[in-house]
Amino acid sequence: MSTPSPAPRPPLVPPPPITGRPSLTPPPPLVPAPERADAPVAPRPPAPAARRMTPPPPGSLGGQWPAPAAPAPTPAAPPAPVEPQPAGSLGGQWSTPPTAVPDQPTAPAAPAQSTDGPGTPEADAQPSKREMRQQAKAAKKQAKQKDQAPAEPAEPSEKQAKKAEDKAERAAKSRAARARPGTRGWFGAANGGSVVVQPAEEFRGTTVQVCGMWPFAAGTGAPTVGVPLGRHTMTGSAICCDPISWFQRAALISNPSAFILAKPGLGKSTLVRRWCTGLSGYGVMPLVLGDLKPDYVDLIVALGGQVITLGHGRGSINVLDPGEATSAAARLTGEARKRVLADAHARRLTMVEALLTISRKTEPTDHEVTIIDRALRVLDEKHEGIPVLADLLRILREAPEDVRSVALDRGDMNRYRDRIDALEASLLGLSGIGRFGELFSAQTTNPMMRDRPVVYDVSALGDSDKDLQAAVLMACWSSGFATVNIANELAEAGLEPRRHYFVVLDELWRALRSGKGMVDRVDALTRLNRTYGVGQAMISHTMNDLQALATSEDVMKAKGFVERAGMVVCGGLPSAEMPSLTDVVPLSRVEQNELVSWTDPPAWDPKSGRESAPPGRGKFLIKVGGRPGIPVSVQLTQAELAVNNTNQKWAETSRIGLVERDDVPAPVQQEVTV
């Protein structure tokens, strides 16, 4: 039976080339499988002869060829394991290696045929996608194993050895750091460390509240600028303070002045003496313008200063004496000379007004002040030398034309006499006849010098005559500030070096109570301390001394002395003083209680039979504005103890004995038998 010939097929059109893809490489040659020793290997059947492939019919999907006619059935060999394609190939045809058939003789393997062309069995039986992925995975694993093959260790270089050593050192430090917490907590995760430190919350509160949260709170220390005073009563730290140093060097106060308040016997004078001693070492001249006890005479003598004694039969002071103004004006020229002479004239006029106020208990009238002013100018023109109050009275009685013109006598001498009658009577009492005459009617016995410490000793004046004490104090203050003004003018002209003075105004309340208008004159002195270049210390017992004045205006001005002071130093004060004191100086409740506790009486020592020192002696509270006070205990050196004894008259024990007199016979002593 004849088989019809197949119809001719159209020519095979190859697919278009794929760009950007590497060309396929032929697979490696087949490697025969290893022979088994326990079973013979069956021979591989011969490969079928290549047959010519015809192109697919039109309309079929390209690339797939129809399967040829099936040959005679032959026993199929089990599939052999597929060898993976070498790395770098992108797919291709896979050939089937020879497979060993058990219990059959092995035939020699036929040479591998090329798979480039179609029609081969390898091309017809292509692997699935799953097999291809498995083969690719196995190939990658095999290549990785080849790359990780152990190589011979090489000798490390010096740089590598140093790097390894540093790494080991860092690891050791890291292990050591884990053993203790660092500045930001424990190292490592979940150990409580903080990479970013959060700012602590801040709270403000009073000392009563804060001390409960932190019981070791303490205030800041006082500046160590100025004269050493002693130690802080609570902390024991050294306290240095004086009005000039805190104003000039430390800039802690706005006014170089201090107001001191304390009960008698608690050390007000001791504190001021320490300031005088320390400031003299800084080149400052102490000026004690009126020592009523005396408390400062021994100190000024020890400093090499000048002691001017005033009193009945002891010394006098001439209120019309220009002092060193005349000699200074001769050395100056121009405006400086005019200022010195004008200041000297104004001070003499002020002192005459003050004496009239104290003697009359009232201020002179404006008309009387004008007459005195013109009379002083006429006196300077006509009188040779230094005039006294008697010379001023003589000018008024002579009635020169210049004086009559200001007296408005209208050409009538009787009218002139009526105008100056009261003034003439007052000056007559100051010129040697009245109670003031002996002190102010004569020339100055000991003129004040500007180049050394000075003290006016007025302790000879008794406390019975308060008006006389006040008049003498005003005269001393006027003379002292006049000397300071002359020194400043000479320093500004370059004729003398600059000198600073520390003026002490003790027993201030005596001068303020002496008469109406005295507060204004003291107020004028205290306002010019910065202008004159002087430090100032005003001393009084209590605020009630300043409030016990004639008028409410004087009381307010007296309070201004305390308010304008750069610092207020308070010693022991009674509790009744606190309301008036806190109106001027802010004091906390603790500070008030401390001041009151310093007034307690001293304790009795049964062993020695004597009283111990009062608890508040030498203790003071330094107040500067609204700042907390600085409690200090003044401590004296051995060199100061000899010049700080204000009870020298009680140093010796009183002895009872008779004084031998020529006109009185001595009593006869009789023996008494018991």
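Residues numbered from 1 in each chain as written. Predicted model: local features only at pLDDT ≥ 70, side-chain atom pairs only at ≥ 80, totals over all residues. Heavy atoms only, no water.

Draft legend 1. Region of the structure containing the pattern of salt bridges. This model, assessed by the stated rule, comprises 20 salt bridges. Between Arg348 and Asp380 there is a salt bridge, with the nearest N and O atoms lying 2.6 Å from each other. Of this pair, Arg348 sits in helix α9 (residues 334-360) while Asp380 sits in helix α10 (residues 366-382), placing them 32 residues apart in sequence. A residue is classified by how much of its surface remains accessible, and Asp380, at 38% relative accessible area, is partly exposed. Taking the shortest distance from any N to any O, the salt bridge between Lys361 and Asp467 comes out at 2.5 Å. Taken together, the residues Lys361 in the loop between α9 and α10 and Asp467 in helix α15 (residues 466-492) connect sequence positions 106 residues apart. (Salt bridge = Lys/Arg side-chain N within 4 Å of Asp/Glu carboxyl O. Helix = DSSP H or I, 4+ residues; strand = E, 2+ residues; numbered from the N terminus. Buried < 20%, exposed > 50% of the residue type's maximum accessible area, 1.4 Å probe, protein only.)

Draft legend 2. Expanded view of the pairing of strand β12 (residues 619-623). Counted residue by residue, β12 has 4 buried out of 5 residues, so it is predominantly covered. By the bridge criterion, 3 bridges tie strand β9 (residues 567-570) to β12 in an arrangement that is antiparallel. Looking across to β12, one finds that Val568 is bridged to Lys623. Bridge count between β12 and strand β13 (residues 630-634): 4 bridges; the pairing is antiparallel. By the bridge assignment for β13, Phe620 is matched with Val632. The loop that links β12 with its antiparallel partner β13 comprises 6 residues; one of these, Gly625, has a positive phi angle of about 60°. (Pairing = 2+ DSSP bridges.)

Draft legend 3. The side chain of Ser478, seen in detail. Along the polypeptide, Ser478 turns up in helix α15. Discounting residues that sit within four places of it in the chain, Ser478 has contacts with Arg347 and Met351. (Contact = heavy atoms within 4.5 Å.)

Draft legend 4. How the structure looks around the confidence of the model for the protein chain. With 72% of its residues at a pLDDT of 70 or more, the protein chain has an overall mean of 77. Taken together, the stretch residues 60-70 has pLDDT below 50 and engages in 10 contacts with residues farther than four places along the chain or on a different chain. Contacts of residues 84-123 to residues separated by more than four positions or lying in other chains number 77 contacts, the stretch itself having pLDDT below 50. (pLDDT = per-residue confidence, 0-100.)

Draft legend 5. Examining α10 more closely. Counted at 1.5 Å a residue, the expected span for α10 with its 17 residues is 24 Å, and the 25 Å between its end C-alpha atoms agrees. Considered for burial, the residues of α10 that qualify are Glu368, Val369, Ile371, Ile372, Asp373, Ala375, Leu376, Val378 and Leu379. (Expected span 1.5 Å × (residues − 1).)

Draft legend 6. Focus on the sheet that holds β12. Pairing is mixed across the open sheet formed by 11 strands, whose spatial order is β2-β1-β13-β12-β9-β3-β8-β7-β4-β6-β5. Both edges of this open sheet fall to β2 (238-240) and β5 (306-309), since each of them pairs with a single strand only. Neighbour-to-neighbour, the strand axes of the sheet open up by a mean angle of 25°, direction not taken into account. Pairing between β5 and strand β6 (residues 454-457): 4 bridges, direction parallel. By the bridge assignment, Val307 is partnered in β6 with Val455. The strands touched by α15 are β4 (284-291), β6, β7 (500-505) and β8 (534-540); relative to β4, the strand with the most contacts, the crossing angle is about 160°. (Axes fitted to C-alpha atoms, helices over the stretch in contact; angles between N-to-C directions.)

Draft legend 7. Geometry of the state of the cysteines. Taken as a whole and judged by the stated rule, the model has 0 disulfides. Unpaired in terms of disulfides, Cys240 finds its nearest cysteine sulfur in Cys241, a separation of 8.9 Å. (Disulfide = S-S within 2.5 Å.)

Draft legend 8. Examining the side chain of Ser245 more closely. Topologically, Ser245 is positioned in helix α5 (residues 243-248). Once residues within four sequence positions are removed from consideration, Ser245 is found in contact with Val225, Gly226, Ala250, Leu279 and Tyr282.

Draft legend 9. Molecular detail of the nonpolar core. Phe440 and Leu581 are the most contacted members of the largest nonpolar core, which has 89 residues in total. At 12 residues, α15 tops the list of elements feeding residues into this core. Not counting residues up to four positions away in its chain, the partners in contact with Leu581 are Leu261, Met543, Cys570, Leu573, Leu587 and Leu595. Ranked by size, the runner-up nonpolar core spans 35 residues in total, among them Trp246, Val272, Phe502 and Val624. (Core = buried A, V, L, I, M, F, W, Y, C linked by side-chain atoms within 4.5 Å.)

Draft legend 10. Molecular detail of the packing of aromatic side chains. For the coordinates displayed, the defined rule picks out 1 aromatic pair. When the ring of Trp275 is compared with that of Phe502, the centres are 6.2 Å apart and the planes differ by 85°; the resulting orientation is edge-to-face. Taken together, the residues Trp275 in helix α6 (residues 268-281) and Phe502 in strand β7 connect sequence positions 227 residues apart. Pair check on accessibility: Trp275 and Phe502 agree, each one buried. (Phe/Tyr/Trp six-rings, centres within 6.5 Å; stacked < 30°, edge-to-face > 60°.)

Draft legend 11. Structural view of empty space enclosed by the protein. According to the stated counting rule, one finds 3 cavities of 30 Å³ or more in the structure shown. Its volume calculated, the largest cavity comes out at about 300 Å³. In terms of lining, the largest cavity is formed by 22 residues, of which the most central are Asn318, Asp321, Pro322, Gly323 and Ser479. Counting only elements with at least two residues in the lining of the largest cavity, the list comes to α9 and α15. Examining the composition of the lining of the largest cavity, we find that 6 residues originate from one element, α15, more than from any other. For the lining of the largest cavity, a count of residues per class yields 11 nonpolar, 7 polar and 4 charged. (1 Å grid on protein atoms, 1.4 Å probe; cavity = no way out; pocket = protein on both sides within 12 Å on 5 of 7 lines; lining within 4 Å. Points joined across faces, edges and corners; volume = space filled by probe spheres on them. Nonpolar A, V, L, I, M, F, W, Y, C, P; charged D, E, K, R; others polar.)

Draft legend 12. Just the pairing of strand β3 (residues 257-261), in detail. Burial analysis of β3 places 5 of its 5 residues in the buried class, the great majority of the element. Alternating positions in β3 separate into two faces, Ser257, Phe259 and Leu261 on one and Ala258 and Ile260 on the other, with burial throughout. The sheet contact formed by β3 and β8 spans 5 bridges and is parallel. Each bridged residue has a counterpart across the sheet, and for Ala258 the counterpart in β8 is Ala537. Bridging between β3 and β9 involves 4 bridges; their strand directions are parallel. Opposite Ile260, over in β9, you have Val569 as the bridge partner.

Draft legend 13. Region of interest: the packing of α9 against α10. Viewed as axis vectors pointing N to C, α9 and α10 meet at an angle of 135°, and their least axial separation amounts to 10 Å. Taken together, α9 and α10 sit at an angle that is classed as oblique. For the pair α9 and α10, the crossing hand works out as right-handed. On α10, the residues that touch His345, Arg348, Leu349, Val352, Glu353, Leu356 and Arg360 of α9 are Glu368, Val369, Ile372, Asp373, Leu376, Arg377 and Asp380. Residues belonging to the contact of α9 with α10 are distributed by class as follows: 6 nonpolar, 1 polar and 7 charged. (Parallel < 35°, antiparallel > 145°, perpendicular 65-115°, else oblique. Left-handed = near helix turned anticlockwise from the far one by under 90°.)

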